[in-house]
Amino acid sequence: MITVNINGKEIKLEKPVTVLEAARSAGIKIPTLCYHEQLEKYGGCRLCLVEIEKIPRLQTACTLVVTDGMVIRTETEQVTNARRGVLEFLLINHPLDCPYCDKAGECELQDMVEKYGHTTGRFKENKRRIPENLEDPVIVRNMERCIMCTRCVRMCEGVQGASAIAVINRGGHSHIEPFSGGRYDCEYCGNCISVCPVGAIMSRMHRHSYRPWQLVSETETICPYCGVGCTLVVQVRDNVIKRVIPRLGKGVNSGLLCSRGRFGYEFVGSEERLTSPLIKKDGKLEQATWKEALDLVATRLGEIRKKYGSDSIAGIASPRCTNEDNYVFQRFMRGTIGTNNIDSTASLGYAGTLRFIENIFGGGVTANQISELSNSDLIFVAGGDPTTVNPVFGLKIRACSRNGGRLLTIGHSKGLRNFNPVELRPQLFTETVLLEGLVTALKDRKGLPGSNKKIETRIKDINISVDDVEKTSRVSGKDVEKFANLLSESVTPAIVIGRELMQSNGNSYKFLLLSAISYLINGKIYLLSERSNEQGVIDMGCAPDILPGYKSVSDSEFRKRYESVWKTAIPEKQGLSLSGMIISAKNGAIKAMYIMGENPVYNLPDSKEAEAALKNIGFLVVQDIFLSETGKIADVVLPALSWSEKEGTFTNMERRIQLLRKAVIREGKEDWRIISNISGNMGVKFNYSDAEDVFSEISSVSPLYKGLSYKEIEMGNSIYPYKGETLTGGEDIQIHKGKSITAVSRLYLRIERPLFHSGTLSRRAQALLKVYPEAVARISPLTAEAYSLKNGDKVKVSTKKGFLELPVAIDDGLENSVVALTNNFEGKGAFSLIEYTIDTVTNAPVIEGIEVSIEKGGG
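Residues numbered from 1 in each chain as written. Predicted model: local features only at pLDDT ≥ 70, side-chain atom pairs only at ≥ 80, totals over all residues. Heavy atoms only, no water.

## Describing the overall build of the protein
A count of helical and extended segments in the protein gives 27 helices and 36 strands. In terms of overall dimensions, the protein is globule-like: its C-alpha atoms have a radius of gyration of 29 Å, near the 29 Å expected for 859 residues. Considered along the principal axes of its C-alpha atoms, the protein spans approximately 90 × 70 × 65 Å. Counting over 859 residues, the protein shows a buried share of 62%. Taking the contacts inside the protein whose residues are at least 6 apart along the sequence as the reference set, 71% of them involve residues at least 24 apart. Positive and negative charge centroids in the protein, built from 109 and 102 side chains respectively, lie 2 Å apart. (Helix = DSSP H or I, 4+ residues; strand = E, 2+ residues; numbered from the N terminus. Rg over C-alpha atoms; globule rule 2.2 N^0.38 Å. Buried < 20%, exposed > 50% of the residue type's maximum accessible area, 1.4 Å probe, protein only. Contact = heavy atoms within 4.5 Å. Lys, Arg positive; Asp, Glu negative; His and termini not counted. Charge placed at Lys NZ, Arg CZ, Asp CG, Glu CD.)

## Quick notes on the domain arrangement of the protein
Split by domain assignment, the protein resolves into domain 1 (2-75), domain 2 (129-269), domain 3 (278-344 + 542-687 + 702-709), domain 4 (362-527) and domain 5 (748-856). Centre-to-centre separation of domain 2 and domain 3, based on C-alpha positions: 38 Å. Taken together, the 21 residues of domain 2 in the interface contact 21 residues of domain 3. When domain 2 packs against domain 3, close to 1600 Å² is buried across both sides, 59% of that on carbon and sulfur atoms. Here domain 2 and domain 3 share nine residue pairs in polar contact (both at pLDDT 80 or more) between them. Counting residues per element, the ones that place at least two in the side of domain 2 that touches domain 3 are β10 (217-222) and β11 (231-237). Of the residues forming the side of domain 2 that touches domain 3, the biggest block, five residues, is contributed by β10. (Domains from an automatic or database assignment. Buried area = accessible area lost by both parts, 1.4 Å probe. Polar contact = N/O pair within 3.5 Å; in protein donor to acceptor, adjacent residues only side chain to side chain.)

## Comments concerning the side chain of S642
One can find S642 in the loop between β26 (636-639) and β27 (648-651). For S642, a relative accessible area of 2% puts it in the buried group.

## Looking at the sheet that holds β10
What the three strands build is an open sheet, ordered β10-β11-β12; its pairing is antiparallel. Two strands lie at the open edges of the sheet, namely β10 and β12 (240-245), each paired on one side alone. On average, adjacent strands in this sheet sit at an angle of 30° to one another, irrespective of strand direction. In this sheet, β12 lies alongside β11 in antiparallel orientation, the contact comprising five bridges. Paired with R237 across the strands is V240, a residue of β12. (Pairing = 2+ DSSP bridges. Axes fitted to C-alpha atoms, helices over the stretch in contact; angles between N-to-C directions.)

## Description of the nonpolar core
Core analysis: the largest hydrophobic core is formed by 219 residues, its most contacted members being F380, I517 and Y594. With 10 residues, helix α17 (residues 507-521) is the largest single contributor of residues to this core. Apart from the residues within four sequence positions on either side, F380 is in contact with L408, I410, L435, L438, F483, L487, A494, I495, V496, L514 and I517. Ranked by size, the runner-up nonpolar core spans 23 residues in total, among them L274, I595, A613 and I633. (Core = buried A, V, L, I, M, F, W, Y, C linked by side-chain atoms within 4.5 Å.)

## Looking at the sheet that holds strand β17 (residues 378-382)
The five strands are arranged β19-β18-β17-β20-β21 in an open sheet whose pairing can be described as parallel. Edge positions in the open sheet fall to β19 (422-424) and β21 (524-527), since each of these has one partner strand only. Ignoring strand direction, the axes of neighbouring strands in this sheet form an average angle of 15°. Of the pairings in the sheet, the one linking β17 to strand β20 (residues 493-497) comprises five bridges and is parallel in character. Looking at β20, one finds that V381 is bridged to V496. Sitting on the sheet, α17 touches β17, β20 and β21, and the angle it makes with β20 is about 170°.

Here is the structure:
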């Protein structure tokens, strides 16, 4: 125990900390400008100077570590005079433009000057003049206001890992600039904005539109984009979102955000939002009243069910909707309609991967806390770039490297390339052989632990020589051995699996091999998740074969639990998967479909075929916040409320349940309420008054969420396994090695998952569009040279399914055999070019090995 005295107050500390931290723990405020909790100690601004007994000079509180018996004084005349002098020096160059500056009201320098500063300045020298820089579309720089605390530089380099900005020039001419010059060439996380104590770096999105004291409300909620589930604060004025900021120490992100989380909120106020129901009349969608639309949906669904049976109707739920929305939707499909034909786009990869791995190791094996990643001594990444799919998750991987951990990758993760990864880049379509080689090597080095006979039976059958691996994959045997040695020697390893692997040929066999590696090195497994509630939509039973709580629909005892609450029967027959629905719609077996918060016409592989199938359905209902590609061909379109306009819960990729809170008020209905209204019109009443009522029912019947409440979730303790029953595996391990693919074509299609976009939601976020405005054909420098192409040239990209005309973007992070396309921009989606098959084990689409050609001179 360490005892110190600060301003006459005795403070006991369990471990050595800085004087500043000791003072703050006792509620004693010491002013700072360069110090920030997320950043390394700097001691540059000198505002935190304090007196230490028996030390003649003033000391910086942010860098000096306390010792037992230390006596500290923070507000003596000498200290105050020193702080006043520091502030006077800072104001030599700092403009006195507080009435004009957007930072006024939350400027740390302004607060310090008000408390300690001179009322007049004594220095007569001219202030430095650096023109305000407005070249960047998102971030504005005013370096006349910069106080050179270097918070932004330390954040960008030491926490974000982007290293996009630096101090340039020397002495009084020093200021901060991006390496790229006028416009930033960075990840646009905006975390430099968060830590800037003055108005030197700010967002252009709310420039001169409000002052902090004019904000009407601040609402803590969860980001609507990816599966990390970052906590953010939505600031509102005039019922409009003015700014989204993180909150230090809160949630999995603890004060950090990515570009989508910080700048992607503008879709909420888009003029393209649906405001009233639409009904197709004479081939055209026309506005209708809620009563007219809801009555029509209930009537038509009832007629179709009566004429063709319940299984002629199907429903698609959404990983962007809340747990409450999805629970009510599956209850409606099962209890009111009477079918298990329900699925979601989580089945495009995440759901099948989760089920496969949990079947081997038991439920919750992927429910590992994101914060633990930075403390791993090794992280093995396979199947994509985590820094673009789940950016804040990717920061933890970068932090692992900075903390001395090793990063191993198969393929190329561009966002990790500056963090000394050990890369294995096998020849196209030979990852399986490489993984077999690693399993064989680890088996020889580590032996079998003997704790899981099911996977050990499979591991015993995996045997391949290093020479065969080298011959097939073109990865040197020496590199394979080095990779295997690093895996073998790790103590706290983690394995990260991405969407590219989830949708690859023979994905179930690759998951077996990665599971074997995890088993042999005792590693944790993380699954990248592209949607905000991808885990939750599965937990809620939005799948054709399971009910909420992961019990089979064929389990009669479990069905009775739900039937007793719902007062309706639940069918025991397994329903159609998402791909099965499309096939059945195409052949006429599906007569009606209800789609909530999803856009299958655009977001499903071979999207033209999906569109043709849905056009073949007699009655199509789409419930969404925008008139999507799917909505345009619907018979009824129902406008829902968006993420910031309703209450509910999301479950993130680590199975943490978090509260979504209403920040702005909009006329309309929540997804669950719309479903409830339709069910009531069909004679089955749902007695919910709000989202909390829905969650109460979930916690009363789901064995997984048993006994949970909003109050407990608000406390932040709702992390798997909660208080309910743990999930178990148990089935035999089934694998499908996929078809043999040999790289014969020069170029193959790959789906790019850009940092600045997510599905089609970000299309209406103007700030993100300014950073990444259009679809491009991304190719390597060597490919560009071979086709005599340069950045911006138009090309025609063709596959067997069609073509797109796109500008070229040359990317030195791509393999020479790849053309990368996004699936985010209207009319330019890569999924329109994709022909796919379905993996028989995971039911995920296989979109690997698609040959593509490019031709210069597209329109």
